[in-house]
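# Fold and geometry: a report
Single-letter residue listing:
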Amino acid sequence: MTLKLGLPKGSLETATIDLFRRAGFAITSAPRSYFPAIDDPEIGCMLVRAQEMARYVEDGALDCGLTGHDWVIENEADVHHVTDLRYAKQSFGEVRWVLAVPEASPVRDAADLEGRIVATELVGVTKRWFAARGVTAKVEFSWGATEAKLPQLADAIVEVTETGSSLHANKLRVVDTVLESTTQFIANKASWDDPAKRRKIKDVVMLLHGAINALDKVGLMMNVKAARLDAVLEVLPALRKPTISQLSDEGWVAVNTILDESVVRAIIPRLKEAGAQGIVEYPLNKIVM
C-alpha cells in the first residue's frame, strides 16, 4: 500500500515540509522536481498547487493532501475533511480573504460595489459572497499582483492576508472579511473508506498535530531538594502539572514540565532562587495529546 500524498507547492510549501520534519518525516526534493522523496516507504509525495489540490483529491489522482479550506470551497470539491491544521506560511493560524479598497476610496460596504470591478483569485467564493448580499459586482480573475490593480484596473480586490502588513504597505483599507481559512488535511472518499489507507492517514495526522502542539514549547527539567519543592512549584505557571520523580537520594526529587518558550527566560532565574539545581531546557518536536 502506497498512500499518494499531495503537498502544497508555493507559499505553504516550506512551512508544510518543516511541519512534516517536526512530525518525524524527512522530505527532500530536487530543484524543478514535483515528486519529493520521503523517508516512509508507505507514502508517495507530489507537489501540487494548493488551488488545484482538492480537485485532484476528489478525482482520486491523490489519496489525500493539504490545502486551504478556501480552495476546497472555491472548487466545491466533494472530499472528506480529515482535520484542520492550524498553520500558515508565516504563522500557525488562520488567514483571511478580505475585501479591500484604496484608503481614499468612498467604498464603505459591499453595496457600494454594485456594478463595479472586483479583482481576485478566489472568483467563485467572491461571486457567491456578493450574491448572498444582493450585490451584482463584476468579479474578475486575477493572475497575481492583485493589490497592484487598484485603482486603475479595479475598484476593489478580494485578497488573502495573514498579517495585514502587505495591505497596509500598499495603502489599502479592509472593508469586510469574505472568508476565513485554515490549512486542511483532506482525503479522497474512496481512499478514506479503505481501512489501510485510513489508518495511515490517521497516523500521519496524529503526528502532524503533535508537531503543531509542540510549536513554541520547550521542556524544562531540574533537581530540587524535597524541602524546597513547594517553593519551586510556586514559580511555575498556574495550570501546569509537572512530573515529579524520586531520585536515588531520598532528599531530592526531579521535576519535569513543559512551558511556553517565551516565559522560560523569566522563570529560570526564579527557579534557581527557589532552590532548583541542574536546570536543563530542551526542545520539543511533538506533543501528542
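Going by the structure above, here's the rest.
In this text, all values refer to a predicted model and were calculated from it rather than measured experimentally.

## Description of the overall build of the protein
From N to C terminus, the protein includes 9 helices and 16 strands. In summary, the protein has a C-alpha radius of gyration of 24 Å against a globular reference of 19 Å for 289 residues, an excess of more than 25%. Principal axes of the C-alpha set define a box for the protein whose edges measure 80 × 50 × 35 Å. Every one of the 289 residues in the protein was classed for burial, and the buried ones make up 45%.

## A closer look at the nonpolar core
Formed by 27 residues in total, the largest nonpolar core has its most connected members in Leu5, Leu7, Phe20, Leu66, Phe185, Ile201 and Leu208. At the level of secondary structure, the elements contributing two or more residues to this core comprise β1 (3–9), α1 (13–23), β4 (43–49), β5 (64–68), β12 (183–187) and α7 (195–213). By residue number, the principal contributor to this core is α7, which donates 6 residues. Apart from the residues lying within four places of it in its own chain, the contact partners of Leu66 are Leu5, Gly6, Leu7, Pro8, Thr16, Phe20, Met53, Leu85, Tyr87, Thr183, Gln184 and Phe185.

## Re the pattern of salt bridges
Per the stated rule, a full pass over the model turns up 14 salt bridges. Residues Asp18 and Arg21 are paired through a salt bridge, measuring 2.6 Å at the closest nitrogen-oxygen approach. Separated by 3 residues within a single helix, Asp18 and Arg21 lie in helix α1, roughly one turn from each other. Exposure remark for Asp18: the relative accessible area of 28% places this residue in the partly exposed category. Using a relative accessible area of 48% as the deciding quantity, one classes Arg21 as partly exposed. One network of salt bridges, with partners in common, ties together Asp18, Arg21 and Arg22.

## Thoughts on the pairing of strand β8 (residues 117–120)
Note: β8 against strand β9 (residues 138–141), 4 bridges, orientation parallel. In the sheet register, Ala119 faces β9, and the bridge partner there is Glu140. Bridging between β8 and strand β10 (residues 156–161) involves 3 bridges; their strand directions are parallel. Paired with Val118 across the bridge in β10 is Ala156.

## Re the sheet that holds strand β16 (residues 276–283)
Strand order in the open sheet formed by 4 strands is β14-β15-β13-β16, and the pairing between neighbours is antiparallel. Where the open sheet ends on each side, the last strands, each with one partner, are β14 (243–246) and β16. Each adjacent strand pair in this sheet contributes to an overall mean axis angle of 20 degrees, direction not counted. Inspection of the sheet shows strand β13 (residues 217–225) paired to strand β15 (residues 252–260) by 9 bridges, in the antiparallel sense. Bridge pairing links Asn223 to Ala254 in β15.

## Things to note about the packing of aromatic side chains
This structure, assessed with the given rule, holds 4 aromatic pairs. Between Trp71 and Trp97, the ring centres sit 5.8 Å apart and the planes meet at 90 degrees, which makes this aromatic pair edge-to-face. Here Trp71 is found in helix α3 (residues 69–75), whereas its partner Trp97 is found in strand β7 (residues 95–102), with 26 residues between them in sequence. Judged by its relative accessible area of 10%, Trp71 is buried. Judged by its relative accessible area of 2%, Trp97 is buried.

## With respect to the state of the cysteines
Taken as a whole and assessed by the stated rule, the structure comprises 0 disulfides. This cysteine, Cys45, is not joined by any disulfide, and Cys64 carries the nearest cysteine sulfur, 9.0 Å off.

## Some points on the environment of Arg55
Along the chain, Arg55 falls in helix α2 (residues 50–59). Between the alpha carbons of Arg55 and Ala77 there is a distance of 6.1 Å; along the sequence they are 22 residues apart.

## A look at the environment of Arg228
Relative to the helices and strands, Arg228 resides in the loop between β13 and α8 (229–235). Once you skip the residues sitting within four places of it in the chain, Arg228 turns out to touch Glu273, Ala274 and Gly275.

## Brief notes about the packing of α1 against α7
In contact at an axis separation of 8 Å, α1 and α7 are set at 100 degrees when each is read in the N-to-C sense. When the interaxial angle is binned, α1 and α7 end up roughly perpendicular. In this structure, α1 contributes Leu19, Phe20, Arg22 and Ala23 to the contact, and α7 contributes Val204, Leu207, Leu208, Ala211 and Ile212. Of the residues assigned to the contact of α1 with α7, the class counts are 8 nonpolar, no polar and 1 charged.

Basis of the calculations
- Residues numbered from 1 in each chain as written.
- Predicted model: local features only at pLDDT ≥ 70, side-chain atom pairs only at ≥ 80, totals over all residues.
- Heavy atoms only, no water.
- Helix = DSSP H or I, 4+ residues; strand = E, 2+ residues; numbered from the N terminus.
- Rg over C-alpha atoms; globule rule 2.2 N^0.38 Å.
- Buried < 20%, exposed > 50% of the residue type's maximum accessible area, 1.4 Å probe, protein only.
- Core = buried A, V, L, I, M, F, W, Y, C linked by side-chain atoms within 4.5 Å.
- Contact = heavy atoms within 4.5 Å.
- Salt bridge = Lys/Arg side-chain N within 4 Å of Asp/Glu carboxyl O.
- Pairing = 2+ DSSP bridges.
- Axes fitted to C-alpha atoms, helices over the stretch in contact; angles between N-to-C directions.
- Phe/Tyr/Trp six-rings, centres within 6.5 Å; stacked < 30°, edge-to-face > 60°.
- Disulfide = S-S within 2.5 Å.
- Parallel < 35°, antiparallel > 145°, perpendicular 65-115°, else oblique.
- Nonpolar A, V, L, I, M, F, W, Y, C, P; charged D, E, K, R; others polar.

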